[in-house]
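If you want the building blocks of each chain, they are given just below.
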Amino acid sequence: MTRIASDTMREQLKVYFIMGSVNCAKPPAEVLAEAIAGGITLFQFREKGSGALVGEQKYELAKQLQHICREHGIPFIVNDDVELALALDADGVHIGQEDEDARIVRAKIGDKILGVSAHNLEEARAAMDAGADYIGVGPIYPTKSKEDAKKAQGPEIIRLLRRHGIAIPLVAIGGVTADNAGEVIAAGADGVSVISAIASASSPETAARQLVRAVQSSKKGA
Ligand code: TZP
Ligand code: MG
């Protein structure tokens, strides 16, 4: 295996759906299948927050969702849990600033995809140096989906990072919807990452399709 090419990574980041069982109003497998039908390009299993599954139940849900992703050629990323990602032979891992050091995670996962959350220029540079394949930047807008979320910074943070030479694949997260996705792409993000815009929608398929359209039309206009 070799590290993912950055152009491929940028393509996969376009509409990056993240969720765990606590985010879903109906069975997670149904939500994921609908989101895939609507055109998501990447999926992250994030089993976190109050009421989240642990142990065997978490493992079984991860396996079920990974299977759905595999059937449809959607890469499957695991949030935080490096050991789970390795046990499942997932496509990658996403870590935050409070998780294990990115260099150590890179050494553990070899060429799998490594995503790192960054909130400022210093963290973005450190993530790049540590071998991240992409950075997740946010919250861009206020969010209810992350208990310990920092203050929303608006699309300006993306512009700032790009202006200061952060050229690696970058996905914007936090309060992103089909209505504001265009402005974060215009600010320089390669894609948008969402939980509630898809997981809480009455039709995850329609919601995903609307996000895909918003991202595509903003890229065309660039
Ligand atoms: N990291 C920063 S904001 C956020 C995470 C995981 C939550 C995003 O959820 P939503 O529902 O798309 O605002
Ligand atoms: Mg984390």
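The rules behind these values
All residue numbers refer to positions counted from 1 along the written sequence of the respective chain. Think of it this way: whatever chain is written first is A, whatever ligand is written first is 1, and the rest follow in order. With pLDDT at 70 or above as the cut-off, local features in this predicted model cover only qualifying residues; side-chain atom pairs require 80 or more to be listed or tallied, and sums for whole chains, interfaces and linings still use all residues. Hydrogens and water molecules were not included; the side-chain quantities draw on all heavy atoms of the structure. Distances up to 2.8 Å from the metal define which N, O and S atoms are donors, and 3.2 Å serves for Na, K and Ca; water is absent from the atom set, so sites may look incomplete. Elements are defined by DSSP. Helices are runs of H or I of four residues or more, strands are runs of E of two residues or more, and each kind is numbered from the N terminus. Per-residue confidence from the prediction method is given by pLDDT, with values spanning 0 to 100. Any pair of N or O atoms that falls within 3.5 Å is considered a polar contact. Within protein, one atom must be able to donate a hydrogen and the other to accept it, and sequence-neighbouring residues count only if both atoms are side-chain atoms. Any two residues whose heavy atoms approach within 4.5 Å are treated as being in contact. At least two bridges found by DSSP between two strands are what make those strands a pair. Every angle, taken between N-to-C directions, lies between 0 and 180 degrees, and every axis is a line fitted to C-alpha atoms, over only the stretch in contact when it is a helix. Being near a molecule or strand, for a residue, means having at least one of its heavy atoms within 4 Å of it. Each accessible area value is a Shrake-Rupley result obtained with a 1.4 Å probe; residue values ignore everything except the protein chains displayed when judging cover. When residues are sorted by character, Ala, Val, Leu, Ile, Met, Phe, Trp, Tyr, Cys and Pro go into the nonpolar class, Asp, Glu, Lys and Arg into the charged class, and all the rest, Gly among them, into the polar class. Any two of the Phe, Tyr and Trp rings considered here, Trp counted by its six-membered ring, make a pair once their centres fall within 6.5 Å; the pair's planes then place it as stacked at under 30 degrees, edge-to-face at over 60, or tilted in between. Exposure classes here rest on a 1.4 Å probe applied to the protein chains alone. A residue is buried below 20% of its type maximum, exposed above 50%, and partly exposed in between. Positive charges come from Lys and Arg alone, negative charges from Asp and Glu alone, with His and the N- and C-terminal ends not counted. Any Lys or Arg side-chain nitrogen located within 4 Å of an Asp or Glu carboxyl oxygen qualifies as a salt bridge.

S.K.: Just to check I follow, could you spell out the coordination of the magnesium ion (ligand 2) for this structure?
M.R.: Octahedral metals with six donors have ideal donor angles of 90 or 180 degrees. Tetrahedral metals with four donors have an ideal donor angle of 109.5 degrees. Protein coordination of the magnesium ion (ligand 2) is provided by D80 (OD) and D99 (OD), with donor distances spanning 2.0 to 2.1 Å. Highlighted residues: D80 in the loop between strand 3 (76-79) and helix 4 (82-88) and D99 in the loop between strand 4 (92-95) and helix 5 (102-109), separated in sequence by 19 residues.

S.K.: Mind showing me how you'd approach the confidence of the model for the protein here?
M.R.: Segments scoring low in pLDDT should not have their predicted coordinates read at a detailed level. Averaged over all residues, the pLDDT of the protein equals 97, while 100% of them reach at least 70. Within the protein, the lowest mean pLDDT, 96, falls on helix 10 (residues 204-220), and the highest, 99, falls on strand 2 (residues 42-45).

S.K.: What's the story with the side chain of Q44 in this structure? I'm lost.
M.R.: Within the secondary structure, Q44 is located in strand 2. A distance of 2.8 Å separates a polar atom in the side chain of Q44 from a polar atom in the side chain of N79. Sequence-distant contacts of Q44, that is, excluding residues within four places in its chain, are made with Y16, F17, I18, M19, I77, V78, N79, H94 and Y134.

S.K.: Could you clarify how one ought to interpret the sheet that holds strand 7 (residues 170-173) in this entry?
M.R.: The pairing of strands in a sheet comes from backbone hydrogen bonds and takes either a parallel or an antiparallel form. An order of 1-2-3-4-5-6-7-8 is seen for the eight strands of this closed barrel, with the pairing classed as parallel. Sheet twist, expressed as the average angle between the axes of neighbouring strands with direction ignored, equals 25 degrees. Across three bridges, strand 3 lies against strand 4 in parallel orientation. The residue of strand 4 that forms the bridge with V78 is V93. Across the sheet, helix 5 lies against strand 4 and strand 5 (113-118), angled at about 165 degrees from strand 5, the strand it touches most.

S.K.: Even after reading the chapter, I still don't get the site of ligand 1, so can you show me in this structure?
M.R.: Around ligand 1, the surrounding shell consists of R46, T143, S145, K146, I173, G174, G175, V194, I195 and S196. Here an oxygen atom of ligand 1 and a backbone polar atom of I195 are 2.9 Å apart. Within the complex, 93% of the 380 Å² of free accessible area of ligand 1 lies under protein. In the shell around ligand 1, the residues fall into three nonpolar, five polar and two charged.

S.K.: Looking at this model, I keep getting lost on the packing of aromatic side chains. Mind explaining?
M.R.: Centre distance and the angle of the planes are the two values used to describe a pair of aromatic rings. The full count for this structure, using the stated rule, is four aromatic pairs. Where F17 meets F43, the ring centres are 5.8 Å apart and the plane angle is 55 degrees; that geometry is what we call tilted. Linking F17 in strand 1 (residues 15-19) with F43 in strand 2, this pair joins segments that are 26 residues apart in sequence. A relative accessible area of 0% means that F43 is categorised as buried.

S.K.: Is there a simple way to think about the side chain of R46 in this case?
M.R.: When you line up the elements, R46 lands in the loop between strand 2 and helix 3 (55-72). For the buried residue R46, which engages in no salt bridge, the nearest side chain bearing the opposite charge is D148, 5.4 Å off. The contacts of R46, once residues within four sequence positions are left out, are I18, M19, G20, N23, N79, S145, K146 and I195.

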